[in-house]
Amino acid sequence: MTTVNRKRLAASFIELCEIDSPSQREGKISRRLQKIFTELGAVEIHEDSTAEATGSECGNLVIRFAGQGAKKGEDGFFLSCHMDTVEPADGVRVVRNEDIFTSAGDTILGGDDKSGIAAIIELLMLLRENGADHPPIEIVLTVCEEMGLVGATHLAPERIQSAYGYALDSSGIDRVIVGAPAASKFAITVTGRAAHAGLAPERGVSALQLAVRALGELAVGRLDEESTRNFGVIEGGVAFNIIPESVVIHGEVRSHNAEKFAAYTEEIHHAFNTAIEGWHPDEYTEDVKPRYDFQQLAGYPALRLDMASPVIDRIRRAADVIGRELEYVVAGGGSDANIFFGKGLPTAIVATGMSKVHTTEEELDLNDLVSLVELLYSLATV
Ligand SMILES: [Zn+2]
């Protein structure tokens, strides 16, 4: 095992946290990281041209380090992190109390995900200092992850040469996330026809009534041990005496199983179709065609890693070498790893020690960050 330079790692983590980088404003941290990775000897730094599509100041970065020594020609892997943070993130100041880092209290810390980036920088410094043999390593740094995995969604997977990788982006330590659910958020708009409810009710077609019929056919909550469905918001109508012309329903489906995910989504279409086809016009409503529109607002595919696959095998061996016990878990949320997996790149999510993320109480223990670097070093040299 190598000796991590704690002082350098702490300084680098603080520096990154204090470069504000809320989603879409990653330009400054991207420039700083390109400089750092250039100095570390990257053979290629590619900024993709997705800024227009993501609305960010810059693109995603794919950075390549050549292999060294006896492992030079071996197949490598990628490490990924996101450069953006949630807000409040203006004027982040890091407070250090012994080994614990927090913000000054008025912003997030940004350890999500700068803990991962700082660990990668320290890893590359150690590999170089020690002249260690390692395979090629790619660093993938995305924008706009916190907005709904937007940067990763636009990233062209052909840019990444490695067959698999590790997203350093989860709380806890010595935890590896090997599964995460598919999810979609959507809005369904049902349209009928408005009419005065007292004077001309015959002329109206209630969108609310149609929506209720459809929703009445659909189970919600936990649908099975790996799937959930919810309709969280319904809005529509304009007055108590007007038949509602349109209602909008916001909902979501999640499942760890791709087939079930598709089936539960299809059930929604079926229920709304049936409700609309079950409606029949009469002499007053012959010219009305009620309808529904399903608009996908966000979504990502399920992540499900095979425990016998090379991505898990490598990290298992890496942990064994340094006598580390890793916990392999299935998580409830989505991350860039879901997107990479959906693009054919198996990606395990590795905990970085970040905690209380997305709050102004966010904190990080330097000892956890050191232990992450040790694990990464073993991953690179195993
Ligand atoms: Zn994150």
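Cut-offs applied
Residues numbered from 1 in each chain as written. Predicted model: local features only at pLDDT ≥ 70, side-chain atom pairs only at ≥ 80, totals over all residues. Heavy atoms only, no water. Pairing = 2+ DSSP bridges. Helix = DSSP H or I, 4+ residues; strand = E, 2+ residues; numbered from the N terminus. Axes fitted to C-alpha atoms, helices over the stretch in contact; angles between N-to-C directions. Contact = heavy atoms within 4.5 Å. 1 Å grid on protein atoms, 1.4 Å probe; cavity = no way out; pocket = protein on both sides within 12 Å on 5 of 7 lines; lining within 4 Å. Points joined across faces, edges and corners; volume = space filled by probe spheres on them. Nonpolar A, V, L, I, M, F, W, Y, C, P; charged D, E, K, R; others polar. Salt bridge = Lys/Arg side-chain N within 4 Å of Asp/Glu carboxyl O. Buried < 20%, exposed > 50% of the residue type's maximum accessible area, 1.4 Å probe, protein only.

Enquirer: Help me understand the sheet that holds strand β13 (residues 291–300) in this model?
Expert: Where strands meet in a sheet, backbone hydrogen bonds hold them as pairs that are either parallel or antiparallel. In space, the 5 strands of this open sheet follow the order β10-β11-β12-β9-β13, with antiparallel pairing throughout. Here the strands that pair on one side only, and so sit at the sheet edges, are β10 (221–224) and β13. In this sheet, neighbouring strand axes are inclined to one another by 25 degrees on average, regardless of whether the strands run parallel or antiparallel. By the bridge criterion, 10 bridges tie strand β9 (residues 182–191) to strand β12 (residues 246–255) in an arrangement that is antiparallel. Residue pairing for β12: Val190 is matched across the bridge by Val247. Together, β9, β11 (227–236) and β12 form the strand contacts of helix α6 (residues 207–216), whose direction differs from that of β12 by roughly 20 degrees.

Enquirer: Can you walk me through the layout of surface pockets in this structure?
Expert: Empty space left among the atoms is revealed by rolling a probe the size of a water molecule over them. Roughly 590 Å³ of internal volume is contained in the largest pocket. Lining the largest pocket are 29 residues, and of these Glu145, Leu149, Gly333, Gly334 and Ser335 sit closest to its centre. Elements with a contribution of two residues or more to the lining of the largest pocket: β8 (175–180), β9, β12 and β13. Of the residues that constitute the lining of the largest pocket, the class distribution is 11 nonpolar, 11 polar and 7 charged.

Enquirer: When you look at the pattern of salt bridges in this model, what are you seeing that I'm missing?
Expert: Side-chain pairing between opposite charges can occur once the charged atoms of the two side chains come close. In the structure shown here, the tally under the stated rule is 22 salt bridges. Residues Asp90 and Arg25 are paired through a salt bridge, measuring 3.4 Å at the closest nitrogen-oxygen approach. Highlighted residues: Asp90 in the loop between β3 (77–82) and β4 (94–97) and Arg25 in the loop between α1 (6–17) and α2 (27–39), separated in sequence by 65 residues. Note that Lys260 and Glu226 form a salt bridge whose closest N and O atoms lie 2.8 Å from each other. One end of the pair, Lys260, is in helix α7 (residues 258–277); the other, Glu226, is in the loop between β10 and β11, with 34 residues separating them in the sequence. The buried category is assigned to Glu226, whose relative accessible area is 18%. What emerges from the salt-bridge pattern is a single network uniting Glu44, Arg64, Glu138 and Arg159.

Enquirer: Mind showing me how you'd approach empty space enclosed by the protein here?
Expert: Counted under the stated rule, the structure contains 1 cavity of 30 Å³ or more. In this structure, the largest cavity encloses a volume near 40 Å³. As for the largest cavity, its lining consists of Ser80, Cys81, His82, Asp113, Ala167, Asp169, Ser335, Asp336 and Ala337. Sorting the residues of the lining of the largest cavity by element identifies β3 and α9 (336–342) as the ones contributing at least two each. Of the residues assigned to the lining of the largest cavity, the class counts are 3 nonpolar, 3 polar and 3 charged.

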